[in-house]
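What follows is the residue order along each chain.
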Amino acid sequence: MPASSAMEQTLAICKPDSVKRNLVGQILGQIEASGLQIKALKRLTLTRRQAEAFYDVHKERPFFSSLCDYMTSGPVVVAALEGERAIERWRELMGATDPAKAAEGTIRKKFGQNIEQNAVHGSDAKETAAREIAFFFSGIELAG
Ligand code: UDP
Ligand code: MG
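Colleague: Where do I start with the overall build of the protein chain in this structure?
Modeller: Helices and strands together make up the secondary structure of the protein chain, namely seven helices and four strands. Moving toward the C terminus, one meets the helices and strands of the protein chain in the order β-α-α-β-α-α-β-α-α-β-α. Relative to the 2.2 N^0.38 estimate, which gives 15 Å for 144 residues, the radius of gyration of the protein chain is 14 Å and therefore close to what a compact globule would have. With respect to the principal axes defined by its C-alpha atoms, the protein chain has extents near 40 × 35 × 25 Å. Within the span of the protein chain, comprising 144 residues, buried residues form 45% of the whole.

Colleague: Help me understand empty space enclosed by the protein, please; the structure alone is not making it clear to me.
Modeller: If a probe the size of a water molecule is rolled over the atoms, the empty space left behind becomes visible. Taken as a whole, this structure holds one cavity of 30 Å³ or more when the rule is applied. Roughly 30 Å³ of internal volume is contained in the largest cavity. Lining the largest cavity, in full, are Ala 12, Ile 13, Cys 14, Ile 27, Leu 28, Ile 31, Val 77, Val 78, Ala 79, Trp 90 and Val 120. If you list the elements that add at least two residues to the lining of the largest cavity, you get strand 1 (7–14), helix 2 (24–33) and strand 3 (76–84).

Colleague: How should the sheet that holds strand 2 (residues 37–44) be read in this particular structure?
Modeller: Note: strands within a sheet are paired through backbone hydrogen bonds, in either parallel or antiparallel orientation. The strand order 2-3-1-4 describes an open sheet built from four strands, whose pairing is antiparallel. Taken across any chain shown, the strands that pair with only one partner, and hence form the sheet edges, are strand 2 and strand 4 (120–122). Looking at each pair of strands side by side, their axes are set apart by 20° on average, direction ignored. Here strand 1 runs beside strand 4; their pairing, made up of three bridges, is antiparallel.

Colleague: How should I be thinking about the site of ligand 1 in this particular structure?
Modeller: Near ligand 1, the surroundings consist of Lys 15, Tyr 55, His 58, Phe 63, Leu 67, Arg 91, Thr 97, Arg 108, Ile 115, Glu 116 and Asn 118. For ligand 1, an oxygen atom lies 2.8 Å from a polar atom in the side chain of Arg 91. Within the contact set of ligand 1, an oxygen atom lies 2.5 Å away from a side-chain nitrogen or oxygen of Thr 97. Given that more than half its atoms are within 2 Å of the pocket grid, ligand 1 belongs to the largest pocket. Split into classes, the residues belonging to the shell around ligand 1 amount to four nonpolar, three polar and four charged.

Colleague: What is the right way to look at unusual backbone geometry in this model?
Modeller: Only a minority of non-glycine residues have a phi that is not negative, and only a minority of peptide bonds are not trans. Within the chain, Arg 85 stands out as a residue other than glycine whose phi angle is a positive 50°. With respect to the helices and strands, the residue Arg 85 is situated in the loop between strand 3 and helix 5 (86–94). Looking at Arg 85, the relative accessible area reads 42%, which means it is partly exposed. The phi angle at Ala 119 is positive, at roughly 80°, despite the residue not being glycine. Note on placement: Ala 119 falls in the loop between helix 6 (107–111) and strand 4. The exposure class of Ala 119 is buried, given its relative accessible area of 0%.

Colleague: I'm lost on helix 4 (residues 64–71) in this one. Help?
Modeller: Since the α-helix advances by 3.6 residues per turn, residues separated by three or four positions end up pointing in the same direction. Along helix 4, the residues that are buried comprise Phe 64, Leu 67, Cys 68, Tyr 70 and Met 71. Down the axis of helix 4, the smallest arc covering the buried residues is 160°, so these residues share one side. Buried residues in helix 4 make contact with strand 1, helix 1 (16–20), helix 3 (48–54) and strand 3.

Parameters and conventions
Residues numbered from 1 in each chain as written. Chains lettered and ligands numbered in written order. Predicted model: local features only at pLDDT ≥ 70, side-chain atom pairs only at ≥ 80, totals over all residues. Heavy atoms only, no water. Helix = DSSP H or I, 4+ residues; strand = E, 2+ residues; numbered from the N terminus. Rg over C-alpha atoms; globule rule 2.2 N^0.38 Å. Buried < 20%, exposed > 50% of the residue type's maximum accessible area, 1.4 Å probe, protein only. 1 Å grid on protein atoms, 1.4 Å probe; cavity = no way out; pocket = protein on both sides within 12 Å on 5 of 7 lines; lining within 4 Å. Points joined across faces, edges and corners; volume = space filled by probe spheres on them. Pairing = 2+ DSSP bridges. Axes fitted to C-alpha atoms, helices over the stretch in contact; angles between N-to-C directions. Near = heavy atom within 4 Å. Polar contact = N/O pair within 3.5 Å; in protein donor to acceptor, adjacent residues only side chain to side chain. Sits in = over half its atoms within 2 Å of the grid points. Nonpolar A, V, L, I, M, F, W, Y, C, P; charged D, E, K, R; others polar. Arc of directions from axis to C-beta. Contact = heavy atoms within 4.5 Å.

Right, dumping it as structure tokens:
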């Protein structure tokens, strides 16, 4: 659990396009430079079933099938981040979903290729952050 009530945890994913292009170090470096702490970290390849479960909220959207194809196209690197207002700070650092609309200096502006292959994922609220962190990490992995 976060150390104080002002502290939050959020989930970050370096998506398959980032891993393929060796951008993980730069992305994690930008996270650390912002002051957010990496609490847990691992690389894995999602199965189709896991990708569909993770993005369940989007299952009725037209991009769902293509998104799941993309997210299973290669390994991802997932991280649990911690800091004050971590959820909002990580969303700001990522930039808008569409890299073409993302602000200068954001990760999606720098590294995103299109609205689907947009380099990174970030949780959007406290409830989703808790669900998404628990999806990938066990209590013992978050204990450090
Ligand atoms: N996505 C897509 N087409 C769209 C919108 C989203 O392929 O029109 C993909 C994109 O990879 C995005 C993910 O689906 O990151 C989840 O969409 P969401 O609206 O939750 O955006 P995010 O929270 O990632 O900014
Ligand atoms: Mg989202």
